[in-house]
Amino acid sequence: MTAAPERPLGDMDPVTFRRAGHELVEWVAQYLAESDHYPILPRLRPGEIRAALPDEAPEEGEPIEAILADFERAIVPGLTHWNHPGFFGYFAISASGPGVLAELLAAALNQQAMLWRTSPAATELEEVVLGWLRSLLRLPPVFEGVIYDTASISSLHALAAAREASVPEIRVRGLPGRDLPPLRVYCSEEAHSSIDKAVMLLGLGQNGLLRIPVDAAFRMRPEALADAVRADRARGVRPVAVVATVGTTSTTSVDPVPAVADICEAERVWLHIDAAYGGPAAMVPDCEWIFDGVARADSVVVNPHKWLFTPFDLSACYCRRMDAVRAAFALTPDYLQTREHGAARNLMDTGIQLGRRFRALKLWFVLRYFGAAGVRRRLADHIQLARRFAAWVDADPDFERLAPVPLSVVCFRAHPRALGDEPRRIDSDGDSVLDALNTELLDRVNASGEVFLSHTRIGNRVALRLAIGHLRTTEVHVARAWVLLRAALHELLTCQNDLA
Ligand code: PLP
């Protein structure tokens, strides 16, 4: 057997790159157009993908054709299709065409925007595009923006800045062994777990986060917040920050930001707004109210990778006191000093990360391609679809809605009239009969592969969540979800009657 000729050193040759690139663009175009041909959830067991792949990297390079063939054979069957228009789980997201093309460019350009000089374009485009988004959200220019990967990291940085502003010399002296009172951050019972993680990481401990009760519509109760802050001060605890959520994860409830801002101003406490999912809806005329009072906050996070058609990941963090973020994170060793120091923005100063990739490019492509009006129309359409689905639920005596629908998520459950009021019977897992029924219903509907919904708990009841947010989702897909839910419930009830 003759050995394969050795490849020359250096990168893939341009002819091969061009050929494979064309083929891949074809593949992606078809995938995006026909993502509904795949089952949304992969039909395999944990470990199957791993088992189909070799344990060691190849000693010799392989042809790109072999890699692409294995991608189809071994990787595609393990994908969960977030791009499927029937994806209604968690928060539905979109890898839009313009966003995908921008990601291709960003990978090719390989910008590492730690310093202005290591990528003036990435540094300045970030400022420009976050300025556009800021004015679409009607936030004043005093809010300086910075891009992080996820909302979890945005909130971590915002709360680090709040801690910096509240605890003198924290950066030098740290927390332990000092004459400091216990520190406290407040959020509602419905706030995202990323806030717990940020507080844990900032050294406040989980006890440093106090969850404030919510009202019947799952919004933070401002009077309970005011009481909690007052009681903490009385016992020597120092309030550091309040996190209000615009679009909570379970029900998309919107905390009463103006009342919370009043308390934060009176108490001189940092106000952080988590609008990771809900934020973009503030551009829609009917929904402008969700941002009432937000301009009074100290920091705000909005995730274009959730409901602004930008491929994962991109989180925009706005801060009216970016000096506090810089005070927390700026640190310039000799080897990173530049002549522009002080005259230009260096993105490494606004976070823990040194290197940053060129995320602004995809948001720029998305906002230009769809335009503000196009974005608004698409968001408004999703909200309309959610309201239509909610109306179907409300009109069906075998289903009930479990929360208001301020944005594009509907929380509901099956509650067959035949079962009467909340059946009290508890099964061996401690779930109520209705919880067990809804869990089974969800599994059956998701097994169809045509739609995917996720669940949550509302008032200790299992709730199904239908989240609309994909660009290609239309009424056809939402109606199909409803047909599948009703058919699966019918099947389940028939099955139970047959067994009885
Ligand atoms: N905040 C809210 C309200 C969320 O719903 C989520 C995730 O769904 C997050 C924060 C965390 O988002 P990320 O995955 O970008 O960290």
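Look up a bit, the structure's there.
The notes below deal with the structure included here. (Residues numbered from 1 in each chain as written. Predicted model: local features only at pLDDT ≥ 70, side-chain atom pairs only at ≥ 80, totals over all residues. Heavy atoms only, no water.)

Of all residues adjacent to the ligand, which total 13 residues, the nearest are Ala-151, Ser-152, Thr-249, Asp-274 and Asn-303. Residue Asp-274 places a side-chain N or O atom 2.6 Å away from a nitrogen atom belonging to the ligand. At 2.9 Å from an oxygen atom of the ligand is found a side-chain nitrogen or oxygen belonging to Asn-303. When the ligand is considered free in solution it has 400 Å² of accessible area, and contact with the protein chains removes 87% of it. If you list the elements that add at least two residues to the shell around the ligand, you get α6 (151-166) and α11 (304-307). A class-by-class count of the residues in the shell around the ligand yields 3 nonpolar, 8 polar and 2 charged. (Near = heavy atom within 4 Å. Polar contact = N/O pair within 3.5 Å; in protein donor to acceptor, adjacent residues only side chain to side chain. Areas by Shrake-Rupley, 256 points an atom, 1.4 Å probe, with all protein chains shown as cover. Helix = DSSP H or I, 4+ residues; strand = E, 2+ residues; numbered from the N terminus. Nonpolar A, V, L, I, M, F, W, Y, C, P; charged D, E, K, R; others polar.)

What follows is about the nonpolar core. Across soluble globular proteins, nonpolar side chains have a tendency to be buried as a group. Leu-225, Val-242, Val-246, Leu-271, Ile-273, Phe-291 and Val-300 are the most contacted members of the largest nonpolar core, which has 73 residues in total. Sorting elements by how many residues they give to this core places helix α13 (residues 360-395) first, with 9 residues. Sequence-distant contacts of Val-242, that is, excluding residues within four places in its chain, are made with Tyr-186, Met-220, Leu-225, Val-260, Cys-264, Val-269, Trp-270, Leu-271 and His-272. (Core = buried A, V, L, I, M, F, W, Y, C linked by side-chain atoms within 4.5 Å. Buried < 20%, exposed > 50% of the residue type's maximum accessible area, 1.4 Å probe, protein only. Contact = heavy atoms within 4.5 Å.)

Our focus in this paragraph is the sheet that holds strand β2 (residues 144-148). Either a parallel or an antiparallel arrangement is found when strands of a sheet pair, and the pairing is made through backbone hydrogen bonds. Ordered in space as β2-β8-β7-β6-β5-β3-β4, the 7 strands form an open sheet in which the pairing is mixed. The strands lining the two open edges of the sheet, one partner per strand, are β2 and β4 (209-212). Pairs of neighbouring strands in the sheet enclose a mean axial angle of 20°, with direction left out of account. Lying over the sheet, helix α5 (residues 120-136) contacts β2 and β8 (315-319), oriented at roughly 110° with respect to β2. (Pairing = 2+ DSSP bridges. Axes fitted to C-alpha atoms, helices over the stretch in contact; angles between N-to-C directions.)

Once that is clear, we can look at the pairing of β2. Looking along a regular strand, one sees side chains alternate from face to face of the sheet. The buried fraction of β2 amounts to 4 of the 5 residues, a majority that puts the element mostly inside the structure. As defined by bridge partners, β2 adjoins β8 across 5 bridges and the pair is classed as antiparallel. Within β8, the position partnered with Glu-144 by the bridge is Cys-319.

This part takes up helix α10 (residues 257-267). Those residues of α10 that fall on the buried side of the exposure criterion are Val-257, Val-260, Ala-261, Ile-263 and Cys-264. Down the axis of α10, the buried set is contained in an arc of 160°. They therefore lie on one face. Contacts made by the buried residues of α10 are with α9 (222-234), β5 (238-245) and β6 (270-274). Taken from the residues just after α10, Arg-268 is the one with a positive phi, measuring 55°. (Arc of directions from axis to C-beta.)

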